[in-house]
Amino acid sequence: MHAELQLDNQICFRLYTAARLITQAYTPMLTELGITYPQYLVLMVLWQKDCQPVNDIAHRLMLETNTVTPLLQRMEKLDIVTRRKGEQDKRQQIVSLTEKGRSMEEKAYKLIPSGMGETLKACPLQIDDYAHLASELDSIINTLKK
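Residues numbered from 1 in each chain as written. Predicted model: local features only at pLDDT ≥ 70, side-chain atom pairs only at ≥ 80, totals over all residues. Heavy atoms only, no water.

1. Digging into the sheet that holds strand E3 (residues 93-97)
- The strand order E1-E3-E2 describes an open sheet built from 3 strands, whose pairing is antiparallel. Two strands bound the open sheet, and with one partner strand each, they are strand E1 (52-53) and strand E2 (81-85).
- Pairing geometry for E2 and E3, over 5 bridges, is antiparallel. By the bridge assignment, lysine 85 is partnered in E3 with glutamine 93.
- Relative to E3, helix H2 (residues 37-48) is tilted by about 85°, and along the sheet it contacts E1, E2 and E3.
- Along the sheet face, helix H4 (residues 65-77) touches E2 and E3 and points at about 120° away from the line of E2. (Pairing = 2+ DSSP bridges. Helix = DSSP H or I, 4+ residues; strand = E, 2+ residues; numbered from the N terminus. Contact = heavy atoms within 4.5 Å. Axes fitted to C-alpha atoms, helices over the stretch in contact; angles between N-to-C directions.)

2. So, the packing of aromatic side chains
- One pass over the full model with this rule turns up 4 aromatic pairs.
- Centre to centre, the rings of tyrosine 40 and tryptophan 47 are 6.3 Å apart; their planes meet at 75°, and the pair counts as edge-to-face.
- Of the residues examined, tyrosine 40 reaches a relative accessible area of 8% and is grouped as buried. (Phe/Tyr/Trp six-rings, centres within 6.5 Å; stacked < 30°, edge-to-face > 60°. Buried < 20%, exposed > 50% of the residue type's maximum accessible area, 1.4 Å probe, protein only.)

3. What about the environment of tyrosine 130?
- Summarising the element assignment, tyrosine 130 is placed in helix H6 (residues 127-144).
- The sequence separation of tyrosine 130 and glutamate 118 amounts to 12 residues, and the corresponding C-alpha distance is 15 Å.
- For tyrosine 130, the contacting residues outside a window of four places in its chain are Leu120, Cys123 and Leu125.

4. So, the packing of helix H3 (residues 54-61) against H4
- Look at H3 against H4: their axes get within 9 Å of each other, and the N-to-C directions meet at 110°. Viewed along their axes, H3 and H4 adopt a mutual orientation that is roughly perpendicular. Note that H3 runs across H4; the crossing there is right-handed. Contacts between H3 and H4 pair Val54, Asn55, Ile57 and Ala58 from the former with Thr65, Val68, Thr69 and Leu72 from the latter. (Parallel < 35°, antiparallel > 145°, perpendicular 65-115°, else oblique. Left-handed = near helix turned anticlockwise from the far one by under 90°.)

5. Structural notes on a nonpolar patch on the surface
- Together, Ile11, Leu15, Ile140 and Leu144 line one region of the surface with nonpolar side chains, adding up to about 380 Å² of accessible area.
- Going through the elements one at a time, helix H1 (11-33) and H6 are the ones with two or more residues in the nonpolar patch.
- Tracing the chain through its elements places leucine 15 in helix H1. (Patch = residues over 30% accessible without salt bridge, like charges linked within 9 Å, V, L, I, M, F, W, Y side chains within 5 Å. Areas by Shrake-Rupley, 256 points an atom, 1.4 Å probe, with all protein chains shown as cover. Salt bridge = Lys/Arg side-chain N within 4 Å of Asp/Glu carboxyl O.)

Shown next as structure tokens:
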């Protein structure tokens, strides 16, 4: 067998597994908030800047609009966001947080950073290591998204 094709030699497998397990670790906290991980990502985008077009949210999450739209529809049914037509371009959908969506930020802040810190405390990485890892992952992402 070719060494390049062995599972243990694949960075992609490690990235996939780490992403899957991290998402799984978020699940109990997000369940308490009544949302899914993809909905949490949308909320983080909107908490940073409310009232954004669907296209901008999709771009920020590096997803297609046809992936984000059904997600937003479900969030609208949960009264977390509202969607309205753009004033200048009626084809554009503007997404805004509802009061419930805004209030979820504080709840998430109380649950998630400390919860993930607790989950990862057995990991030997230090806080600076995570910052370095984020930078390295950004390099991979920026290379591959071109």
